[in-house]
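The primary structure of each chain is shown beneath.
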Amino acid sequence: MWTWGADAVGSLLVIGAGAVLMAAGVVWKGRAVRPLSRVRARTVDARQYHRRLLRSADEAIAAARAAAGPGEPAIVTVDDVLRVLDERFGYEDVPPWQAGTALRRQFERAGCARDCVTDAYHRTEFR
């Protein structure tokens, strides 16, 4: 005659606990409290794009300052900002006028006129 051993009872307890957890998951299935909204996603994307554009301008300025020799002005170009945007953030098709606008803003904010030179004010496609 077959008897219930400790291994059989333990296995049944584990299988039973799993079945209870699966049933609870079906009853109380999780869902997003706020479903994904296209408008909110576009807003977040635009905000991130703007921050990354300004960050790329800051990084281009910092790299130009680091590359400049002692007593030399740092040369920061719009192409440097575009390169940082592409390499670091993966934005390949950024209009140069947007990169130029970001570079001008960060150039003025960082007080770069005393030790930097830029083409952001002189390129004609920004006007």
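Here goes a summary of the coordinates provided.

What counts as what
- Throughout this description, residue numbers start from 1 for each chain and increase along the sequence as written.
- The predicted origin of the model limits local features to residues at a pLDDT of at least 70 and limits the giving and counting of side-chain atom pairs to 80 or more, whereas totals for whole chains, interfaces and linings rest on all residues.
- In computing side-chain properties, one takes all heavy atoms of the structure into account and sets aside hydrogens as well as water.
- Segments assigned H or I by DSSP are reported as helices when at least four residues long, segments assigned E as strands when at least two residues long, and all are numbered from the N terminus.
- Throughout, a contact is declared for two residues whenever any of their heavy atoms are within 4.5 Å.
- Throughout, the Shrake-Rupley method with a 1.4 Å probe supplies accessible areas, and for residues the shown protein chains are the sole cover considered.
- A pairing counts as a salt bridge when a side-chain nitrogen of Lys or Arg comes within 4 Å of a carboxyl oxygen of Asp or Glu.
- Here's how the labels work: a residue is buried when its accessible area is under 20% of the maximum for its type, exposed when over 50%, partly exposed in between, all with a 1.4 Å probe on protein chains only.
- Nonpolar core, defined: a set of buried Ala, Val, Leu, Ile, Met, Phe, Trp, Tyr and Cys residues in which side-chain atoms within 4.5 Å join the residues together.
- Take the number of residues in a helix, subtract one, and multiply by 1.5 Å to get its expected span.
- Here the arc refers to the set of directions running from the helix axis out to each C-beta atom.
- N or O atoms closer than or at 3.5 Å make up a polar contact, with two conditions inside protein: a donor-capable atom paired with an acceptor-capable one, and, for residues adjacent in sequence, both atoms drawn from side chains.

### A few points about the overall build of the protein
Along its length, the protein carries four helices and two strands. Across the protein, helices and strands are ordered from the amino to the carboxyl terminus as α-α-β-α-α-β. Within the protein, contacts between residues at least 6 apart in sequence are counted, and of these 64% link residues at least 24 apart. Accessible surface computed for the protein: about 9,500 Å², of which carbon and sulfur atoms make up 60%.

### Some words on the pattern of salt bridges
One pass over the structure, following the stated rule, counts five salt bridges. For arginine 55, the salt bridge is made with glutamate 59, and the minimal N-O distance between the two is 2.9 Å. Within this pair, arginine 55 and its partner glutamate 59 are both found in helix α2 (residues 38-67), separated by four residues, close to a single helical turn. Overall, arginine 55 belongs to the partly exposed group, its relative accessible area being 44%. The exposure class assigned to glutamate 59 is partly exposed, which follows from its relative accessible area of 22%. Taking the shortest distance from any N to any O, the salt bridge between arginine 109 and aspartate 58 comes out at 3.2 Å. Remark: aspartate 58 occurs in helix α2 and arginine 109 occurs in helix α4 (residues 96-109); sequence separation between them is 51 residues.

### Description of the nonpolar core
Nonpolar side chains in soluble globular proteins tend to be buried together. Grouped together as the largest cluster of nonpolar side chains are 21 residues, with contacts concentrated most on Val76, Val81, Leu85 and Leu103. Going through the elements one at a time, α2, β1 (74-76), α3 (78-89) and α4 are the ones with two or more residues in this core. Examining the composition of this core, we find that six residues originate from one element, α2, more than from any other. In this view, leucine 85 contacts Arg52, Leu53, Ser56, Gly90, Tyr91 and Val94; residues no more than four positions away in its chain are not counted.

### Details of α4
Helix length check: α4, at 14 residues, gives a terminal C-alpha distance of 20 Å against a target of 20 Å (1.5 Å per residue), a fit within 8%. Turning to α4, its buried residues are Ala99, Gly100, Ala102, Leu103, Gln106 and Phe107. Down the axis of α4, the sector holding all buried residues measures 165°, keeping them to one side. With respect to the buried face of α4, the exposed residues turned more than 90 degrees away are Glu108 and Arg109. Where α4 is buried, its residues meet α2, β1, α3 and β2 (116-118).

### Here's the deal with the environment of glutamate 108
Here glutamate 108 is to be found in helix α4. Given a relative accessible area of 54%, glutamate 108 falls into the exposed group. Here tyrosine 121 takes part through its side chain, which lies 2.6 Å from a polar atom of the side chain of glutamate 108.

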